[in-house]
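For reference, the chains in residue letters:
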Protein chains: 2
Amino acid sequence: MSEVYAVRRERVRERCAAGGGGAALVSRPANVRYLAGAAPDGAVLLVGRGEDEDVLVCGRPLGGEPGEGRADGGLRVQVLTEPSADPAVAGADFATAQGVDALAVEEHHLTVARHRAVGSVAPRLRLMDLGTAVEQLRLVKDEEELSCLRVAAEIADQALGELLESILVGRTERHLALELERRLVDHGADGPAFATSVGTGPNSGRGGHRPTDRRVEEGDFLSVCLGASYRGYRCEIGRTFVIGTSPADWQIELYDVVFAAQRAGREALAPGAACRDVDRAARHVLHSAGHAEGLAPSTGHGVGLEIDEDPQLAPAAMGKLDVCVPVTVEPGVHLPGRGGVRIDDTLVVRPEADGGPELLTITTKELLAL
Amino acid sequence: MSEVYAVRRERVRERCAAGGGGAALVSRPANVRYLAGAAPDGAVLLVGRGEDEDVLVCGRPLGGEPGEGRADGGLRVQVLTEPSADPAVAGADFATAQGVDALAVEEHHLTVARHRAVGSVAPRLRLMDLGTAVEQLRLVKDEEELSCLRVAAEIADQALGELLESILVGRTERHLALELERRLVDHGADGPAFATSVGTGPNSGRGGHRPTDRRVEEGDFLSVCLGASYRGYRCEIGRTFVIGTSPADWQIELYDVVFAAQRAGREALAPGAACRDVDRAARHVLHSAGHAEGLAPSTGHGVGLEIDEDPQLAPAAMGKLDVCVPVTVEPGVHLPGRGGVRIDDTLVVRPEADGGPELLTITTKELLAL
């Protein structure tokens, strides 16, 4: 496995060579983890001009004892002695010591102050912008990554399934969210992939709703959005249920509309499909049903080492989908004061010949009355 | 209460006037919350030249419906229409519209890319550095803030106390951590102030230890570090226990040393005391007992809207303590392969005349055998 990281760093190296040579200083944690296999708090990765020049620079105390060591695959690891030292600055020092004259940094992650500090320790070093080069490499997942996502999705399905078997009426959104997160860990997750969202009654169907002390009542919509992180890979599932034996007509109608929109989005997932077209497919269904107001700005997004990464499935999104890109499809409608519906799956883009998109989150999407 | 925020913004305004005029663009979430009373994801606060020019700029979707509104105390709130728009860029636009010529930004928080974007929308705007001006204002807490910290500490004490009454042997670090976090919420916390740390046996006494699947065994040291967040204010408590009826001699000796170090640190807390002297007081005890290796780089830190804020209690720390500054005192010793002890309290610096430091986390520090 550790070889994988060396290969990924090689691709960054090629990118640097193409961009006029020099080394790259990777500071965004998910990018460091992707290229080094680990990302202790605040660690930065120097991708030198040759593999033997790569260094993972860690601060203390989380970085362990000071000094030099080796990670899997022989990557050099340097833990700084001075606790307050900035690994990015130390990384620039290493680059200078290696005789590098140009250093590409992640200007979308490095703060102005840290960037200045890096520049001042190495005045002869030409600082360039690596841009989102590493994020671009992360878009298409390999089999190892996809299998982590599959496990993550399975864990989320299990946690959700168990919740559905328990009594819900009378319990608060907060407690349901906490129970889900405990179950995620019970089933082997590193932890929740993001803050679990549970919304009941008027709070149902709101994207990113933070759980409150409102209790589940008969006749409520209950919408739940959770995800597991497994070996750093994060999935997402969202479902909406109705509490009590008989859903109201407006609930059935609203559910059907969102379900149709979500299916349209899923069916639009294909290699080469424009991201904005996937969004349009789902959004169109909601619009034609008269739900144009207050829709979320996007219908879905990529997942991986971060829960919200590229590609974005949104009206203004550029770019097309590739094979082996995992994305969420999560349209929702929220009616102020009444509540709403949100249905969210994680899928992997696959060619038609392979049976089309691979659904990772398999919990039923029928409207369950609990 | 909302008046408080206006007063705080006024102090930033004075600072800007002193610094050559212009407006300030505050982007660090804790700073935004401190000055606006709320900090929706990604929101930035423009502190204009007059109170009526202050604007809280929120992105979507978490920022709610697009358009203009008012927060408590009449603060203008602007929710952006374009979801992908950067509130910092929009804030700079507002500043330009207000005829401001200089804008102080938080260079220690704003990324290079966002800083460039801000500069490019308002080329005639002179961008300056606000530095840590707002963090400095946050150092000394007012009564309202201290009462939130007291409640947070009380919640953490309750959660910890309940855990001690339950059976511990055979349970994993992860599950104990999750149970503690559930109890924090049960008792009214917004949530954990930070990831709860539970370490048993060889993992005990390690600062920032991430809970594993190791189970508690007879004869283990068990160290726990948790905190509650209450209305955004975060406290911290850490304790170490021994599992079983009779602690080993080395455990008693080690506990006594760390306890003495922690007491020395607490007793060194006084208005006007140098931060490094508080660290030295605790560190000296550990050193003289022969524990110089692998100590954490600091003995404690400030707490408030962030769990780790200024002041730092560390050997190289500058500055002195003020009245009404809450800090942690948390020395620890970890013996590789055997485990260790960590004792952590949150206290508020008070003058001798008022009885000295106010201890917020009151759980006993006797060595309990559970």
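Residues numbered from 1 in each chain as written. Chains lettered and ligands numbered in written order. Predicted model: local features only at pLDDT ≥ 70, side-chain atom pairs only at ≥ 80, totals over all residues. Heavy atoms only, no water.

**Regarding the relation of the copies chain B and chain A**
(1) Moving on: For the pair chain B and chain A, the relating rotation is 180 degrees, the translation along its axis is 0.1 Å, and the fit reaches an RMSD of 0.0 Å. Viewed as a symmetry operation, the transformation between the two copies matches a two-fold axis. In terms of proximity to the rotation axis, the leading residue of chain B is T111 of chain B, whose C-alpha is 2.0 Å off the axis.
(2) Moving on: Both copies contact each other with a shared surface, as 100% of the interface residues of chain B are interface residues in chain A too. (Least-squares fit on C-alpha atoms with pLDDT ≥ 70 in both. Contact = heavy atoms within 4.5 Å.)

**Description of the interface of chain B and chain A**
(1) Moving on: If you look at the interface, chain B gives 29 residues, while chain A gives 29 residues.
(2) Moving on: Between chain B and chain A the total buried area reaches about 2,200 Å² when both faces are included, carbon and sulfur atoms providing 59% of it.
(3) Moving on: Across the chain B-chain A interface, the total number found is 4 salt bridges.
(4) Moving on: Across the pair E107 of chain A and R116 of chain B runs a salt bridge, and its minimum N-O distance is 2.1 Å.
(5) Moving on: At the junction of chain B and chain A, the tally comes to 16 residue pairs in polar contact (both at pLDDT 80 or more).
(6) Moving on: If you tally residues by element for the side of chain B that touches chain A, the top one is helix α7 (residues 173-186) of chain B, at 6 residues.
(7) Moving on: A class-by-class count of the residues in the side of chain B that touches chain A yields 11 nonpolar, 8 polar and 10 charged. (Buried area = accessible area lost by both parts, 1.4 Å probe. Salt bridge = Lys/Arg side-chain N within 4 Å of Asp/Glu carboxyl O. Polar contact = N/O pair within 3.5 Å; in protein donor to acceptor, adjacent residues only side chain to side chain. Helix = DSSP H or I, 4+ residues; strand = E, 2+ residues; numbered from the N terminus. Nonpolar A, V, L, I, M, F, W, Y, C, P; charged D, E, K, R; others polar.)

**Quick look at the packing of aromatic side chains**
All names here are of chain A.
(1) Moving on: For the structure shown, the criterion picks out 2 aromatic pairs over all chains.
(2) Moving on: With centroids separated by 5.6 Å and ring planes inclined at 80 degrees, the aromatic side chains of F221 and W250 adopt a geometry described as edge-to-face. In this pair, F221 sits in strand β10 (residues 221-226) while W250 sits in helix α8 (residues 249-267), placing the two residues 29 residues apart along the sequence.
(3) Moving on: For F221, a relative accessible area of 2% corresponds to the buried category. (Phe/Tyr/Trp six-rings, centres within 6.5 Å; stacked < 30°, edge-to-face > 60°. Buried < 20%, exposed > 50% of the residue type's maximum accessible area, 1.4 Å probe, protein only.)

**Quick notes on the domain arrangement of chain A**
Where the parts come together, the accessible area they lose is often given as the size of the interface.
All names here are of chain A.
(1) Moving on: Entries for chain A in the domain assignment read domain 1 (2-138) and domain 2 (143-359).
(2) Moving on: Relative to domain 2, the C-alpha centre of domain 1 lies at a distance of 35 Å.
(3) Moving on: Each partner contributes to the interface: domain 1 provides 7 residues, whereas domain 2 provides 8 residues.
(4) Moving on: Interface area, domain 1 with domain 2, both sides summed: about 620 Å², of which 39% is carbon and sulfur.
(5) Moving on: Along the contact surface separating domain 1 from domain 2 lie 4 salt bridges.
(6) Moving on: E309 is the partner of R138 in a salt bridge, and the nearest nitrogen-oxygen pair spans 2.7 Å.
(7) Moving on: Looking at the side of domain 1 that touches domain 2, the elements that each hand over two or more residues are α2 (29-36) and α5 (133-139).
(8) Moving on: Considering every element that reaches the side of domain 1 that touches domain 2, the biggest residue donor is α2, with 3 residues. (Domains from an automatic or database assignment.)

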